[in-house]
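Fold and contact review
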Amino acid sequence: MTLDPHKAADFVQKAVPGFAPRVGIVLGSGLGDLAEKIETIASIEYDTIPDFPASSVEGHAGRVVLGRLGGMPVACMQGRVHYYEGVNPQDLALPVRMLKLLGIEILLITNAAGSFKKKMGPGSLMMISDHINLTGLNPLVGANEDEFGPRFFSMEDAYDPTLRKHLAAVAKELGITLHEGVYLHYLGPNFETPAEIRAFKALGPDAVGMSTTPEVLVARHCGLRIAAISNITNLAAGMSKTQLSHEQTLECAKIAAADLESLVIVFLETLKRELLKAHIRSTENGVH
């Protein structure tokens, strides 16, 4: 059965009548505290939203927070659902499509990830420039939803180049080191074996994790602009003596959490100014 994003969006909209978010935010493992910085208008548990897939993973609170962050009206997913939780892959289209129906134009995604680069260790931030989807899964398999996008669509520049430049400029202004690289999506829920990591290195990724590509595929399909940041919590399997665990992921996610929060908030503040300037220019030119 296909889940209905319209029912989900209508339910959320009734909780915040007249509120129109411009940016959607997805918070990954251990990164949910950013939602506490939002000037909250409403907070809605996933399990109360019609058809919404609920997360079962520790470190994913499972709620949509609506309000303002950096002055920008946002809809924030405090936690996500993963393929490895056993959901129908097509169900993962609903959250992003719901955000689209609520009015977002930009999707900002965060995740916790392991690094292939020793110089990019725990506590680093990496802006994603592209991805490799090794899961073999795609939430868009099946009948195309023409309302949201075309059957076939390009994934070139899926991670919006202008938004990436903007993020890099904000990081430089704040004195935050922001690496840039390719993210590899591994299905999980187990961490990768050292032999798999050695094999994956031949593909040229910079970080590895168990999320993000579902949101990017759906967002790209429905015409949203995308930016994504990985919070590096560990070196990949076989690259250090540290035993990998979810507990370690959650703990190490805190190392760069303050930098990530500052980066996102200032990014939204400056983005709001840019969008306002663009609106003024379009109004002056008679474009509505």
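This structure is a prediction, so every number in the text was calculated from the model and none was measured.

Most of helix H5 (residues 213-221) sits inside the fold, with eight of its nine residues counted as buried. Regarding H5, the residues found buried are Thr213, Pro214, Glu215, Val216, Leu217, Val218, Ala219 and His221. Residues of H5 that are buried in the fold lie against strand S1 (23-27), helix H2 (93-102), strand S5 (106-115), strand S6 (125-133), strand S7 (178-185) and strand S9 (225-235). Just downstream of H5 lies Gly223, where phi reads positive at about 85°.

Here we come to unusual backbone geometry. Backbone phi values are negative for most residues with the exception of glycine, while trans is the configuration of most peptide bonds. Cis geometry marks the peptide bond from Gly188 to Pro189, where omega comes out at 10°. Structurally, Pro189 can be placed in the loop between S7 and helix H4 (194-201). Even without a glycine there, the phi angle at Thr212 is positive, about 80°. In this fold, Thr212 is placed in the loop between strand S8 (207-209) and H5.

Counted residue by residue, S9 has ten buried out of eleven residues, so it is predominantly covered. The sheet contact formed by S5 and S9 spans ten bridges and is parallel. Within S9, the residue paired with Thr110 across the bridge is Ile229.

What follows covers the packing of H2 against H5. Running from N to C, H2 and H5 point in directions that differ by 40°, and their axes come no closer than 9 Å. Classified by the interaxial angle, the pair formed by H2 and H5 is oblique. The two elements H2 and H5 meet at a crossing, and its hand is right-handed. Within the contact between the two elements, H2 uses Ala93, Val96 and Arg97 and H5 uses Glu215, Val218, Ala219 and His221. A breakdown of the residues in the contact of H2 with H5 according to their chemical character gives four nonpolar, one polar and two charged.

Attention now moves to the environment of Ala236. Structurally, the position occupied by Ala236 is in the loop between S9 and helix H6 (246-253). Spatially, the C-alpha atoms of Ala236 and Ala207 are 8.0 Å apart, while their sequence positions differ by 29 residues. Not counting the four nearest positions on each side in its chain, Ala236 is found in contact with Ser115, Ile197 and Val208.

With that out of the way, let us pick up the nonpolar core. Ranked by size, the top nonpolar core spans 44 residues in total, and within it Ile49, Leu66, Met98, Leu99 and Leu107 carry the most contacts. Top element by residues in this core is H2. It accounts for six residues. Leaving out residues up to four positions away in the same chain, Ile49 has contacts with Ala8, Phe11, Val12, Ile44, Val64 and Met98. Formed by 33 residues, the second largest nonpolar core is a distinct cluster that contains Val65, Ile106, Leu167 and Ala171.

The subject of this paragraph is the environment of Glu247. By secondary structure assignment, the location of Glu247 is in helix H6. Assessed through its relative accessible area of 53%, Glu247 is described here as exposed. Residues Glu247 and Gly30 lie 217 residues apart in sequence; the distance between their C-alpha atoms is 9.6 Å.

The rules we used
Residues numbered from 1 in each chain as written. Predicted model: local features only at pLDDT ≥ 70, side-chain atom pairs only at ≥ 80, totals over all residues. Heavy atoms only, no water. Buried < 20%, exposed > 50% of the residue type's maximum accessible area, 1.4 Å probe, protein only. Helix = DSSP H or I, 4+ residues; strand = E, 2+ residues; numbered from the N terminus. Contact = heavy atoms within 4.5 Å. Pairing = 2+ DSSP bridges. Axes fitted to C-alpha atoms, helices over the stretch in contact; angles between N-to-C directions. Parallel < 35°, antiparallel > 145°, perpendicular 65-115°, else oblique. Left-handed = near helix turned anticlockwise from the far one by under 90°. Nonpolar A, V, L, I, M, F, W, Y, C, P; charged D, E, K, R; others polar. Core = buried A, V, L, I, M, F, W, Y, C linked by side-chain atoms within 4.5 Å.

Bear in mind that shape data such as this cannot, by itself, settle questions of function.
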